[in-house]
Structure formats: structure tokens, C-alpha cells
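An overview of the molecular structure
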There are 2 protein chains.
Amino acid sequence: MADTKIRVTAKSENKTKTVVQTKAFTMILDEPKALGGTNDGANPLEYLLAALSGCLNVVSHMVAKEMAFELRGLEIELEGDLNPAKYMGISDAERTGFKEIRARIKPDADADAVTLERWLKTVESRCPVDDNVVNSTPVKITLA
Amino acid sequence: MADTKIRVTAKSENKTKTVVQTKAFTMILDEPKALGGTNDGANPLEYLLAALSGCLNVVSHMVAKEMAFELRGLEIELEGDLNPAKYMGISDAERTGFKEIRARIKPDADADAVTLERWLKTVESRCPVDDNVVNSTPVKITLA
């Protein structure tokens, strides 16, 4: 199976606001005024959690269909903890990103607990965004 | 310095569309019609690249200020390659997420090449989303 390439372009509109273009959509990221931002969009870490939730939703439905049960709906609560010290240049003692992410999935489905646990394990193993967060992924950043 | 918690809630609107709520914003993720989606938003992998770009923008400005040069603007081209086979349940031979992400940053700044290279290294080391992708991060997914 051939690789797929995903591509976006981003433009800084000010020191906190980023406007991202895909082929079909525009995404706006920003920081709240309390953090010196212009508050025109969700922040990058909320985008990361959103990416994970959207991925889990798509794979959840795909795997439920394969396992032949109906998934009528899905709600996910996601949270992560981080320490802002390294990000702010105050200390390198802790990592700068999320130390842990927790996702609590509430499926609306006619399936027993054993089936749902097996479903969840499969979803987790096949979700691309989950893979990119759980496992190390090279990011090559260069100057244009 | 105390930890910060970032939290969002996500609701599946259909098998590809996810609506994510933060305290202040709504994000919509979807898949294009060609992939069986309802095409109401960018896809989860585009959200992941957007998260990285927004994070790089904020940290870029912060570090430029610390290094005392003016960063007037910034453009970033981001792309990643993945193989859809594991995601689709066809083969486990390759990982499901991005194998690699490339970000090409074009700063508009009065700074020499050596300064910009030092700036880029610092930005990279302090960007939370970059850290979460480059390094392993535990994701605990549970059933509600």
C-alpha cells in the first residue's frame, strides 16, 4: 500500500495567532488574552487533544463495524498535564510537553464489556494520532 | 512551578465528524467525502500538524524576544508521510501514524544565519507539541 502525504501551511498572524490552511479548510490557533494572546482560537495543546479525539472517533466506528456491533454515538473527555517551566525558559528539569494524556471514552453501543474492551484495544493500536504521541516520531525542522 | 491541566470534550456527530469543545472554542474535525466523511472540517492528522505549527509560532516569538531580535513574521510548511494499511486493518507491517514530520520554517527577521540556527534549536527544544511527538508520551484510554 502506498504512503499518503498530509500537508498544511501555516502563517503567523501575530506572536500567538497562527492561521493554518489545508486544501479545503482554515484552522485558527491562538492563546487567551491572559497569556498575552489575541484569543481568536483554541491553543496548540487543545488542538493536539482535538486531533487525538477525532482520530479515535473515526477508528472507533471503523473497528465497531468490523466487529459487527452498532456504535450509535461516542463522547470523549480528554485531558493532559504539563509543566510550563521549560516552555517559558525557566527550568529544564521537566519535559515541556504533556507528561500524560488521559482519554475517557463513553460509547453508546449494544456490546458487552468484554467486546468493548477488545474494541478499545484495537482502536488504540490503529489510531495514527495515538501512535504519534505514544511512540517516538522524528520531526525534522529546517529553515527555509 | 505548578502543573497546568488542559482539558477538552469531544462528541462524535457521525462516523467521521467530531465536535470538540474547549472553554471558549469549538473545533470540527471530519474526513473528506472521498474517504466516507461528511467533509465539515480538517482531518485529525491535519489537526496534529496545525497543533505543531501553532506551538512553533508561539515559542518562536518568545525565543526571538529573549534573543533580542525582531521576528516580524513566520511561515511554516508542514508535511508528514504515513501508510494507511494498519489504520485500515490491512497489515501491521508498518506503524499507523506519521513515520516522519517535516516542518520548513521561513522567518522574517533581521538576524544572521548563526543566530537563526541557534534560535531554531531553542524553539525546537521548548515547544510542547514537538516534545509530545518526538518523545514518547503515555496515553491512557479508558472506558467511561
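Please refer to the structure placed before this passage.
Only a predicted model underlies this, so the values are computations on that prediction, with no experimental measurement involved. (Residues numbered from 1 in each chain as written. Chains lettered and ligands numbered in written order. Predicted model: local features only at pLDDT ≥ 70, side-chain atom pairs only at ≥ 80, totals over all residues. Heavy atoms only, no water.)

**Observations regarding the pattern of salt bridges**
All names here are of chain A. Scanning the model with the defined rule gives 34 salt bridges over all chains in all. Linking R104 and E77 is a salt bridge whose minimum nitrogen-to-oxygen distance equals 3.9 Å. Taken together, the residues span a long stretch of sequence, with R104 in strand β5 (residues 100-109) and E77 in strand β4 (residues 71-82) at a distance of 27 residues. In this structure E77 comes out as partly exposed when scored by relative accessible area, which is 44%. (Salt bridge = Lys/Arg side-chain N within 4 Å of Asp/Glu carboxyl O. Helix = DSSP H or I, 4+ residues; strand = E, 2+ residues; numbered from the N terminus. Buried < 20%, exposed > 50% of the residue type's maximum accessible area, 1.4 Å probe, protein only.)

**Quick word on helix α1 (residues 44-66) of chain A**
All names here are of chain A. The terminal C-alpha atoms of α1 lie 33 Å apart, and with 23 residues this matches the ideal 33 Å at 1.5 Å per residue to within 8%. With 20 of its 23 residues buried, α1 lies for the most part within the structure. Measuring from the backbone nitrogen of L45 back to the side-chain oxygen at the start of α1 gives 3.0 Å, which picks out N43 as the cap. Positive phi shows up at A68, right after α1, with a value of about 60°. (Expected span 1.5 Å × (residues − 1). Polar contact = N/O pair within 3.5 Å; in protein donor to acceptor, adjacent residues only side chain to side chain.)

**Looking at the sheet that holds strand β5 (residues 100-109) of chain B**
Spatially, the 6 strands line up as an open sheet ordered β3(A)-β2(A)-β1(A)-β4(B)-β5(B)-β6(A), and their pairing is mixed. If you trace the sheet from one side to the other, it starts and ends with β3 (26-29) and β6 (139-143) of chain A, each paired once. Pairwise comparison of adjacent strand axes, ignoring direction, gives a mean angle of 20° for this sheet. Pairing of strand β4 (residues 71-82) of chain B with β5(B) involves 10 bridges; the strand directions are antiparallel. Residue G73(B) lies in a different strand from β5(B), and its bridge partner there is D108(B). Docked against the sheet, helix α1 (residues 44-66) of chain B engages β1 (4-12), β2 (18-21), β3 and β6 of chain A together with β4 and β5 of chain B, running at close to 150° with respect to β4(B). (Pairing = 2+ DSSP bridges. Axes fitted to C-alpha atoms, helices over the stretch in contact; angles between N-to-C directions. Contact = heavy atoms within 4.5 Å.)

**Description of the packing of aromatic side chains**
Residue and element names in this part refer to chain B. Following the criterion strictly, the structure yields 3 aromatic pairs over all chains and no others. When the centroid spacing of 6.1 Å and the interplanar angle of 70° are considered together, the rings of F69 and W119 count as edge-to-face. Here W119 lies in helix α2 (residues 113-126) and F69 lies in the loop between α1 and β4, a separation of 50 residues in the sequence. Residues F69 and W119 agree in their burial class; the two are buried. (Phe/Tyr/Trp six-rings, centres within 6.5 Å; stacked < 30°, edge-to-face > 60°.)

**Some points on the relation of the copies chain B and chain A**
Mapping chain B onto chain A calls for a rotation angle of 180° and an axial translation of 0.0 Å; the resulting RMSD is 0.0 Å. Within this description, the copies of the chain are treated as partners about a two-fold rotation axis. The overlap is high: 100% of the interface residues of chain B also sit at the interface in chain A, so the same surface is used on both sides. (Least-squares fit on C-alpha atoms with pLDDT ≥ 70 in both.)

**Brief notes about the sheet that holds strand β6 (residues 139-143) of chain B**
Spatial strand order, β3(B)-β2(B)-β1(B)-β4(A)-β5(A)-β6(B): 6 strands in an open sheet with mixed pairing. Two strands lie at the open edges of the sheet, namely β3 (26-29) and β6 of chain B, each paired on one side alone. Strand after strand, the sheet turns through a mean of 20° between neighbouring axes, direction not considered. Relative to β6(B), β5(A) is paired through 5 bridges, and the arrangement is parallel. Bridge pairing in β6(B) links R104(A) to T142(B).

**Side note on the environment of A68(B)**
Residue and element names in this part refer to chain B. Mapped onto the fold, A68 is located in the loop between α1 and β4. Judged by its relative accessible area of 69%, A68 falls in the exposed class. Expressed as a C-alpha distance, the spacing of A68 and A111, which sit 43 residues apart in the sequence, is 9.6 Å.

**As for the interface of chain B and chain A**
In this complex, chain B contributes 103 residues to the contact, which on the side of chain A involves 103 residues. Joining chain B to chain A, the criterion identifies 10 salt bridges. Note that E79(A) and R7(B) form a salt bridge whose closest N and O atoms lie 2.8 Å from each other. On the surface where chain B and chain A come into contact, there are 64 residue pairs in polar contact (both at pLDDT 80 or more). Per-element accounting of the side of chain B that touches chain A gives the leading share, 19 residues, to α1(B). A per-class count over the side of chain B that touches chain A returns 50 nonpolar, 25 polar and 28 charged. Across 8 bridges, β4(A) lies against strand β1 (residues 4-12) of chain B in antiparallel orientation. If you follow L78(A) over to β1(B), its bridge partner there is V8(B). (Nonpolar A, V, L, I, M, F, W, Y, C, P; charged D, E, K, R; others polar.)

**Quick word on unusual backbone geometry**
Even without being glycine, N39(A) reaches a positive phi, approximately 55°. Classification of N39(A) by relative accessible area gives partly exposed; the value is 32%. Positive phi, normally seen in glycine, also occurs at A68(B), with a value near 60°.

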